[in-house]
Amino acid sequence: MRNFPVRMARWSAGHPWRAIAGWFLFVVVCLGAGIVVGGHAATTEDYRVGEAGRGEALAAEGGLQQRPVERVLITAKPGTGALDAAAADAAARSVGERMAKLPEVLFVAPPVRSADGSAVRVDVTMNGPELEGKKHVDPLLEQTAQVQKDHPALRVEETGSPSLSKDVQGQRGDDLARTEMIALPVTLLTLLIVFRSVAMAAVPLLLALSSIAAAIGLSNLASHVFPDAGVGTNVILLIGLAVGVDYTLFYLKREREERARAGGRLTSQALVELAAATSGRAVVVSGLAVAVSSATLFLADDVIFSSIATGAIVVTVVAVISSLTVLPALLVKLGDRADRRAARKAERAAKRAAERGDAVPPKEPKEPKAGTGAKAGAGRFTNAVLRATSRRPAVVLVVAVGAMLALAAPLAGLKLTDIGRETYSRDLRAMQVWDRQNAAFPELKSMHQVVVRADAGRAGEVADALEGLAKRAESDPHLAGTPELRTSANGRISLLELRVPYYVSSDEARDSLDRVRDEYVPATVGKLPGVDIAVTGDVARYADYPDHQKRQLPLVIGALLLVTFAITVWAFRSVVLGLLGIALNLLSAAASLGLLVFVFQGSWAEGLLGFDSIGSIGSRVPLFLLVILFGLSMDYQVFVISRIQEAVRRGVPTRQAVIDGIGSSAGVVTSAAFVMVTVFASFIGLHLIEMKQFGFVLAAAVLLDAFVIRIMILPALMLLLGDRVWWPSPAQARARTTTTPSAPHLENVG
């Protein structure tokens, strides 16, 4: 009773109003500081990986880097026949004149007519970095709208990376707001069912939301060290609601159990300390596991994963702090109110009995019976599964593991790709224009850039070699358009741009990249001595990112397995449990990824889940799942095994302790899992395909972990292993050496 969670709970319970005010002040200060300081968004340089990233760096060195480009498309209105060339030329001139006057515009290219004459486009290059275009695109859109107004007989519309990014960002914000409208009421309803009290149900939700607010502020500060790739807030909402509710739920349920066990013999403060000594420690260990597991994402050497790791770590730490500081104070105040209600109720009952002349004997608290954990804490389904597991653990283990392996089978056909722009929702206006633009000008779908750095005196030699490369590419059916050769002002950097009439995700685009890198470059500019060469561009970015992730994957997974094992061994002093934790997490991850492949790489579920299959899985999804699942699964593992270990320390045989511990924790684990699944599943409704995959795979993983791993496979393994599960330090021996007279009431904790 002297560990850190208990000391924190003791102070909080003894000074409840100070603790509540302190938490409120902490949240306000964190959020206020984050707003005042502001966040630091990732720049184009932060996204560079592989050869494509090296090529971008070379191009930027010569001022030839990609810039934000908007394209104004002029076509005939539907149903009006062929495009009026004269009217289109007039509209194009108006676009050019208007755009050239804007401070956001660097230059305007001459109008270009499509091969079939059905469209005219005007390319507008904006000032500033490529990723900054979406912040300054509104004036361009306003000018396009004005030209449309001046030429009502035509269709004048605008698209490009800036306007697409702006529309996607707005759609994502709307989607997240809609998921909150779904997740929050369902979470509150679940908590109402669990606690049957509005006040008790509101506490986990309020603490989770306040933790999210504080974490958003802190993440803004952290972004100045680890730039935000635009996903930090999403991760904080996703993880914060899940762990925030879970940690509070574990604590609350334990306090309620101890209150029922004590039967009025202990004060609210003493009950909170008991909950802190058990569930409080489990929360700290679980939070540490999530934070450390998330930190392994920094090893991916990728700004997006660094942003995810930062958000997950910050919100998890804040959620743990809330459960250790302000939660005990809230529980004491709620407990005192409950005690006063009970006292008034008893007083009224005694008064009525006295008026009738009856005697009201005091109620004796009921002591929990040994061996009834499953019946007391579990539902019918869990009881039935536990009975079957206790009788035939080997059979249950074989069946459950076999089912999980069957779910994992589709993983053999996993295809990882980066998510291309062509997967964006067609509900977006800019995407509809983008489709029409690509139909009229297919060469704009993607491109390659061959970048060469050499001494300025060799600029002519390099140009000749690149022109030779362009001649070789003329006969390539997967390339189109007119190659464009540019040289930097100092003559050191040369760039050849080759147009590809296929989307970056297509096999044709990838094949053309391979030919440029493996055939055309070595046969031409690659023969020049003493030059730096790199092939970048849309297709190279798309291809190199998954390759980079595959190279980093073994390092991240190795670190993840190591830290998970170390935390489990540290928490339970058992090497066997550490190994079991790794094996079960890998099994859960494999099964959920197999389900993801089965659902999203095929087309059968498109109508059901509202997506268009791209025939692959986002390259970030598996690594994200592994790290987050390994962290979140520790919530259940620590909570369940802690219950089992408590029983063993009281002298209960391991076999009975397994049944009692899992049975008594089944209700809270099920409730916590339902909350997590609700939060994660709400992301399936988002328009972005990668966010759909994130939500689906996390929801599936939590379901499998809570209802198959923790209720079937884990108890079956522990029953079969018996006392060997605690090797090399049996829990019974530790109990004899750690139990002290100063904490005799711990013997009643179960």
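Going by the structure above, here's the rest.
Residues numbered from 1 in each chain as written. Predicted model: local features only at pLDDT ≥ 70, side-chain atom pairs only at ≥ 80, totals over all residues. Heavy atoms only, no water.

1. Observations regarding the overall build of the protein
Argument step 1. Regarding its fold elements, the protein presents 24 helices and eleven strands.
Argument step 2. In terms of its C-alpha atoms, the protein occupies a principal-axis envelope of roughly 105 × 55 × 45 Å.
Argument step 3. A burial count over the protein gives 53% of its 750 residues as buried.
Argument step 4. For the protein, the share of sequence-separated contacts (at least 6 apart) that also reach a separation of at least 24 residues comes to 81%. (Helix = DSSP H or I, 4+ residues; strand = E, 2+ residues; numbered from the N terminus. Buried < 20%, exposed > 50% of the residue type's maximum accessible area, 1.4 Å probe, protein only. Contact = heavy atoms within 4.5 Å.)

2. Looking at the packing of helix α1 (residues 4-14) against helix α9 (residues 268-295)
Argument step 1. Orientation of α1 relative to α9, taken along the N-to-C sense of each, is 140°, at an axis distance of 8 Å. In this view, α1 runs oblique relative to α9, as classed from their interaxial angle. Relative to α9, α1 is oriented so that their crossing is right-handed. Contact residues: α1 offers Pro5, Val6, Ala9, Arg10, Ala13 and Gly14, while α9 offers Gln269, Val272, Glu273, Ala276, Ala277, Gly280, Arg281 and Val284. (Axes fitted to C-alpha atoms, helices over the stretch in contact; angles between N-to-C directions. Parallel < 35°, antiparallel > 145°, perpendicular 65-115°, else oblique. Left-handed = near helix turned anticlockwise from the far one by under 90°.)

3. A short note on the sheet that holds strand β9 (residues 493-500)
Argument step 1. Pairing is antiparallel in the open sheet, where four strands are placed in the order β8-β9-β7-β10. A strand with exactly one partner marks an edge of an open sheet, and here the two such strands are β8 (480-487) and β10 (532-537). On average, adjacent strands in this sheet sit at an angle of 15° to one another, irrespective of strand direction.
Argument step 2. Direction of pairing for strand β7 (residues 446-453) relative to β10: antiparallel, over a ladder of six bridges. For Val452, the partnering residue across the bridge sits in β10 and is Ile533.
Argument step 3. Helix α18 (residues 538-572) rests against β7 and β10 of the sheet, and its axis sits at about 95° to β10. (Pairing = 2+ DSSP bridges.)

4. Re a nonpolar patch on the surface
Argument step 1. A cluster of nonpolar side chains, namely Val36, Val37 and Leu221, defines an oily patch on the protein surface of about 270 Å² accessible area.
Argument step 2. Looking at where Val37 falls in the secondary structure, it is placed in helix α2 (residues 16-37). (Patch = residues over 30% accessible without salt bridge, like charges linked within 9 Å, V, L, I, M, F, W, Y side chains within 5 Å. Areas by Shrake-Rupley, 256 points an atom, 1.4 Å probe, with all protein chains shown as cover. Salt bridge = Lys/Arg side-chain N within 4 Å of Asp/Glu carboxyl O.)

5. Notes on a positive patch on the surface
Argument step 1. On the surface, a cluster of positive charge is contributed by Arg337, Arg340, Arg341, Arg344, Lys345, Arg348 and Arg352.
Argument step 2. Note on placement: Arg352 falls in helix α11 (residues 326-356). (Lys, Arg positive; Asp, Glu negative; His and termini not counted. Charge placed at Lys NZ, Arg CZ, Asp CG, Glu CD.)

6. Topic: the packing of aromatic side chains
Describing an aromatic ring pair means giving the distance of the ring centres and the angle of the ring planes.
Argument step 1. As enumerated under the stated definition, the model contains eight aromatic pairs in all.
Argument step 2. Between Phe250 and Phe639, the aromatic rings sit 4.5 Å apart at their centres with planes inclined by 15°, giving stacked as the arrangement. Here Phe250 is found in helix α8 (residues 232-262), whereas its partner Phe639 is found in helix α21 (residues 621-649), with 389 residues between them in sequence.
Argument step 3. Since its relative accessible area comes to 0%, Phe250 is described here as buried.
Argument step 4. Of the residues examined, Phe639 reaches a relative accessible area of 2% and is grouped as buried. (Phe/Tyr/Trp six-rings, centres within 6.5 Å; stacked < 30°, edge-to-face > 60°.)

7. A short note on the nonpolar core
Argument step 1. Tyr636, Ile644, Phe680 and Ile713 are the most contacted members of the largest nonpolar core, which has 160 residues in total.
Argument step 2. In terms of residue count, helix α23 (residues 689-721) provides more of this core than any other element does, 21 residues in total.
Argument step 3. Sequence-distant contacts of Tyr636, that is, excluding residues within four places in its chain, are made with Asp246, Phe250, Val669, Ala672, Ala673, Met676, Val702, Asp705, Ala706 and Arg710.
Argument step 4. Val452, Val462, Leu466 and Ala543 belong to the second-largest nonpolar core, a separate cluster that totals 29 residues. (Core = buried A, V, L, I, M, F, W, Y, C linked by side-chain atoms within 4.5 Å.)

8. Thoughts on the pattern of salt bridges
Argument step 1. Within the structure shown, the criterion is met by 33 salt bridges.
Argument step 2. We note a salt bridge from Asp89 to Arg113, for which the minimum N-O separation is 2.8 Å. On the criterion of sequence distance, the pair formed by Asp89 in helix α4 (residues 85-100) and Arg113 in strand β3 (residues 112-113) is long-range, its members being 24 residues apart.
Argument step 3. Residue Asp89 is classed as partly exposed on the basis of its relative accessible area, which comes to 31%.
Argument step 4. Residue Glu484 pairs with Arg486 through a salt bridge whose shortest N-O separation is 3.7 Å.
Argument step 5. On the accessibility criterion, Glu484 (38% relative accessible area) is partly exposed.
Argument step 6. Owing to a relative accessible area of 27%, Arg486 belongs among the partly exposed residues under this scheme.
Argument step 7. Sharing partners across several salt bridges, the network here consists of Arg155, Glu157, Arg429 and Arg436.

Any functional reading would require information beyond the geometric quantities listed.
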